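Next come the chains, spelled out residue by residue.
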Amino acid sequence: MAVVFGTLNLALVAPLLTTLFKQPAAGETVAVATPLPAEPPSAFDLIAFMNYYAQKFNDDFGLMTTLKYVCAVIVISVIISNIFKYLGERTMENLRIHTLLNLRKSVFNNVMSLDIAYFNNERKGDIISKVASDVQVVQFSVTSTLQVVFKEPLQLIAYLVMLFMISVKLTLFSMLVIPVAGWLISRIVKRLKAQAAE
C-alpha cells in the first residue's frame, strides 16, 4: 500500500499543475472558457482521468475550490503512504529483533553444548564476538535480503505501470537508454575501482 500511494503521489502532481496553469493571464478579467475534454474510457489512463476531473471541478466550482480539493487529495495520499511506510518499517523492525533473538539463542545453545576442551583452545573474546557481532551481521543480511525480495520488485512494477500509463513511447525510449547509461556507469566504476586498488 505504501508503494501504491507513493507512486500515486507522483501522478497527483499532474492535476495540480493543470489546475494551477488554467488561471487567466495577467490583465484578463474573464477566464476564457475551455471546453471540457472527453471523459477517458478507462480509469487506467490515470493522468487523463485526473486531468478530466480537475477540469470538471474547475468548471463547476472555480479555481480556488478545485485547488483546495486537489491539495486535500494529495495531502491525504501522502499521509496514507507514510502510515503504511511506518507500519512496514515497524514490521521489519519486529522481524529484525526476532531474527536476532533466535540467532543468538541458537548460537548460545550451540556454545553451551560444546566440549570444555573447545573453551581452552578458543579465546573468550572471539566467542563473545561471535554471539554479539557476527550474529548481528547475519541478521542484517537476512532482513535486507527479505526487503529487497519483497519491497523493491513491487516498487519497480508500480513505477513501470505508472510510467506506461503516463506515456508508452517515453517509457520505451527510457528503457532503451537505461542499458547504455548503465554500461557507461559500469565502465566508470571499474576504472575508479582499478585506480583505488592501485
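All figures in this text were calculated on a predicted structure; none of them were measured in a lab.

(A) Geometry of helix H6 (residues 124-166). Between its terminal C-alpha atoms H6 stretches 61 Å, which fits the 63 Å expected from 43 residues at 1.5 Å a residue. When the local axis directions of H6 are compared, the greatest deviation, roughly 40°, occurs at Lys130. All of the buried residues in H6 are Ile127, Val135, Gln139, Thr143, Gln147, Ala158 and Met162.

(B) Up close: the confidence of the model for the protein. Averaged over every residue, the pLDDT of the protein is 78; residues scoring 70 or more account for 86%. Mean pLDDT across the secondary structure elements of the protein bottoms out at helix H2 (residues 13-20), with 71, and peaks at helix H7 (residues 168-197), with 87. Counting contacts from residues 25-32, a segment whose pLDDT is below 50, to residues more than four positions away or on other chains yields one contact.

(C) Summary view of a nonpolar patch on the surface. Side chains of Met1, Val75, Ile79, Ile83, Phe84, Tyr86 and Leu87 sit close together on the surface and give an oily, nonpolar patch of about 660 Å² of accessible area. If you trace the backbone, Leu87 turns up in helix H4 (residues 63-112). Classification of Leu87 by relative accessible area gives partly exposed; the value is 40%.

(D) Spotlight on the pattern of salt bridges. One pass over the full model with this rule turns up one salt bridge. The residue Glu93 makes a salt bridge to Arg96 at a minimum N-O spacing of 3.0 Å. With Glu93 and Arg96 both in helix H4 and three residues apart, the pair spans about one turn of that helix. Under the relative-accessibility criterion, Glu93 is labelled partly exposed at 38%. We classify Arg96 as buried; its relative accessible area is 15%.

(E) Helix H1 (residues 2-11), seen in detail. Most of H1 sits out of view: seven of its ten residues are buried. Within the sequence span of H1, burial applies to Ala2, Val3, Phe5, Gly6, Thr7, Asn9 and Ala11.

(F) Quick look at the packing of H1 against H6. Packing of H1 against H6 brings their axes to within 9 Å, and their N-to-C directions diverge by 30°. Accordingly, the angle class assigned to the pair H1 and H6 is roughly parallel. Crossing of H1 against H6: the hand is right-handed. Every residue of H6 that contacts H1 at Val3, Thr7, Leu8, Leu10 and Ala11 is listed here: Leu154, Gln155, Ala158, Tyr159 and Met162. For the contact of H1 with H6, the residue count by class is eight nonpolar, two polar and no charged.

Rules behind the numbers
Residues numbered from 1 in each chain as written. Predicted model: local features only at pLDDT ≥ 70, side-chain atom pairs only at ≥ 80, totals over all residues. Heavy atoms only, no water. Helix = DSSP H or I, 4+ residues; strand = E, 2+ residues; numbered from the N terminus. Expected span 1.5 Å × (residues − 1). Bend = angle between axes of the 7 residues up to and from the residue. Buried < 20%, exposed > 50% of the residue type's maximum accessible area, 1.4 Å probe, protein only. pLDDT = per-residue confidence, 0-100. Contact = heavy atoms within 4.5 Å. Patch = residues over 30% accessible without salt bridge, like charges linked within 9 Å, V, L, I, M, F, W, Y side chains within 5 Å. Areas by Shrake-Rupley, 256 points an atom, 1.4 Å probe, with all protein chains shown as cover. Salt bridge = Lys/Arg side-chain N within 4 Å of Asp/Glu carboxyl O. Axes fitted to C-alpha atoms, helices over the stretch in contact; angles between N-to-C directions. Parallel < 35°, antiparallel > 145°, perpendicular 65-115°, else oblique. Left-handed = near helix turned anticlockwise from the far one by under 90°. Nonpolar A, V, L, I, M, F, W, Y, C, P; charged D, E, K, R; others polar.

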